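Listed below are the residues making up each chain.
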Amino acid sequence: MKSKIIGHLKQLSITRKAILIVIVFLVTGYIFCLPGQLFQVPYSTVVADRHGALLGARIASDGQWRFPPRTTIPDKMKQCLIMFEDKYFYHHWGVNPLSIGRAIRQNLKNKHIVSGGSTLTMQTIRLARNKPRTFKEKFIEMILATRLEFRASKEEILSMYISHAPFGGNVVGLDAATWRYFGHPAEELSWAEAAMLAVLPNTPSMIHLSKGRDALLNKRNRLLKQLREKEIIDESTYELAISEPLPDKPHPLPQIAPHLVSKLYQEKNGEYSVSTLDKDLQIQIEGLAERWSNEFGRSDIRNLAILVIDIRTNQVAAYCGNVHFERKQAGNQVDVIQAPRSTGSILKPFLYYAMLQEG
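To keep things clear, this report deals only with the structure shown in the data block. These figures come from a predicted structure and were not determined experimentally.

**Let's talk about a positive patch on the surface**
Reasoning step 1: Judged by side-chain charge, Lys87, Arg102, Arg105 and Lys230 come together as a positively charged surface patch.
Reasoning step 2: Along the chain, the position of Arg105 falls in helix H3 (residues 97-110).

Written as structure tokens, this is what we have:
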């Protein structure tokens, strides 16, 4: 009898050890299931002036307008996104059982997938993994979403999502979308613009500016109505927002200081760079260069450059590497400021200075 009890205890001990090993294995796998860098994608090269105003950008290496990730999200965009995509975003740990159950019920009732029940955290994981939508993949997304909730704050998750969400065509992320569709930064979005961008990632290939405009407008207005019903916006704001038309077509990105943008594209590809330039002064200098170019053109002088330096700070305030950058002819894309000089040319500024001093 005693030997049987000892054997049973040994068997129980072995079982406990096996269970413990399995638990340790599962916990370890859960801890390390997310890669250190969630998104492995190339970004556009973006250059701003000293005040943060956009000067220009170059497209990412994969042909997408995808600005480097932002760390914050404007309040209007946040309110619209959460209202449309995930009302309980701040109340779940990556997975919302009620949304999953509702989606299963709707899909069974309609006999095809009409709702996925994904939270914004799950959608962030899906954007990062970029895998075909299957039930297995949905289960993996749920596990990774809970892990992401432990690693990042809610605001960081929102920023990751909005920086990588598709907005139709080759426009990815909030910053690229606001400049392409509205011609201004995300911080200046109106309620109507924010609502349009909030509904766009839901089906960006089906509804956008070139097709499905009526469906896009209806979805935007329904979201605005929800915002009014929840008293996030008042009645007058709602009336003004629904009367705001959709943009007709994408805007071209600014092309200010294009030679400097190209220089930073070579040196800091895929990064967001804040230069020492002043946008207003830069525009004035480019206009001045354009006028003198027309004057010098009569003497067959086709290229010129202007560099303005603030002598108090020793910082470049305006950088005009050449004129007519967009024409792509007669060397206009050559950055004269960076072009190598002969020894004689290097001495010319000093000779000119001496001549000016002597009148």
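**Focus on the side chain of Asn322**
Reasoning step 1: The topology assignment puts Asn322 in the loop between strand E7 (315-320) and helix H13 (343-357).
Reasoning step 2: For Asn322, a relative accessible area of 5% corresponds to the buried category.
Reasoning step 3: Among the polar contacts listed, one links the side chain of Asn322 to the backbone oxygen of Gly331, at a separation of 3.2 Å.
Reasoning step 4: In this structure, Asn322 is in contact with His259, Arg302, Asn303, Leu304, Gly331, Asn332, Val334 and Val336, ignoring residues within four places of it in sequence.

**What to know about the pairing of E7**
Reasoning step 1: With five bridges connecting them, strand E6 (residues 306-310) and E7 associate as antiparallel partners. Directly across from Ile309, in E7, lies its bridge partner Val316.
Reasoning step 2: Connecting E6 to the antiparallel partner E7 that follows it, the hairpin turn spans four residues, and Asn314 within it adopts a positive phi of roughly 60°.

**Some points on the sheet that holds strand E5 (residues 272-274)**
Two modes of strand pairing occur in sheets, parallel and antiparallel, and in both the strands are linked by backbone hydrogen bonds.
Reasoning step 1: Reading across from one edge, E2-E1-E5 is the order of the three strands in this open sheet, with mixed pairing throughout. A single partner strand is all that each edge strand has here, and the edge strands are strand E2 (54-58) and E5. Neighbour to neighbour, the strand axes of the sheet diverge by 15° on average, direction disregarded.

**Examining the packing of helix H5 (residues 135-151) against helix H6 (residues 154-164)**
Reasoning step 1: Between H5 and H6, whose axes approach to 8 Å, the crossing angle comes to 120°. Put simply, H5 runs oblique to H6. When you trace H5 past H6, the crossing you get is right-handed. Packed against H5, whose contacting residues are Leu148, Glu149 and Arg151, the element H6 presents Lys154, Glu156, Ile157 and Met160 at the interface.
Reasoning step 2: When its residues are assigned to classes, the contact of H5 with H6 shows three nonpolar, no polar and four charged.

Scoring rules and cut-offs
All residue numbers here refer to positions counted from 1 along the written sequence of the relevant chain. The predicted origin of the model limits local features to residues at a pLDDT of at least 70 and limits the giving and counting of side-chain atom pairs to 80 or more, whereas totals for whole chains, interfaces and linings rest on all residues. Side-chain calculation: all heavy atoms of the structure are included, whereas hydrogens and water are not. Each patch is built from residues lacking any salt bridge and having more than 30% relative accessible area; the joining distance is 9 Å for like charges and 5 Å for nonpolar side chains (Val, Leu, Ile, Met, Phe, Trp, Tyr). We get accessible surface area from the Shrake-Rupley algorithm with a probe of 1.4 Å; when it comes to residues, only the shown protein chains can shield them. We define a salt bridge as a contact between a side-chain nitrogen of Lys or Arg and a carboxyl oxygen of Asp or Glu at a distance within 4 Å. In this tally, Asp and Glu contribute negative charge and Lys and Arg positive charge; neither His nor the terminal groups of the chain are included. By convention, the charge on Lys lies at NZ, on Arg at CZ, on Asp at CG and on Glu at CD. A run of DSSP states H or I qualifies as a helix once it reaches four residues; a run of E qualifies as a strand once it reaches two. Both are numbered from the N-terminal end. Any residue under 20% of the maximum accessible area for its type is buried, any over 50% is exposed, and the rest in between are partly exposed; the area is computed with a 1.4 Å probe on protein chains only. In protein, a polar contact requires one atom able to donate a hydrogen and another able to accept it; more generally it is a pair of N or O atoms within 3.5 Å, and residues adjacent in sequence count only if both atoms are side-chain atoms. When checking whether two residues touch, look at their non-hydrogen atoms; a contact exists if any pair is within 4.5 Å. When DSSP finds at least two bridges between two strands, those strands are taken to pair. Between N-to-C directions, angles span 0 to 180 degrees; the directions come from axes that are lines fitted to C-alpha atoms, helices contributing only their stretch in contact. An angle below 35 degrees is read as roughly parallel, one above 145 as roughly antiparallel, one from 65 to 115 as roughly perpendicular, and any other as oblique. Here a crossing is called left-handed whenever its near helix is offset anticlockwise from the far helix by less than a right angle, and right-handed whenever the offset is clockwise. Residues are grouped as follows: Ala, Val, Leu, Ile, Met, Phe, Trp, Tyr, Cys and Pro are nonpolar; Asp, Glu, Lys and Arg are charged; every other residue, Gly included, is polar.

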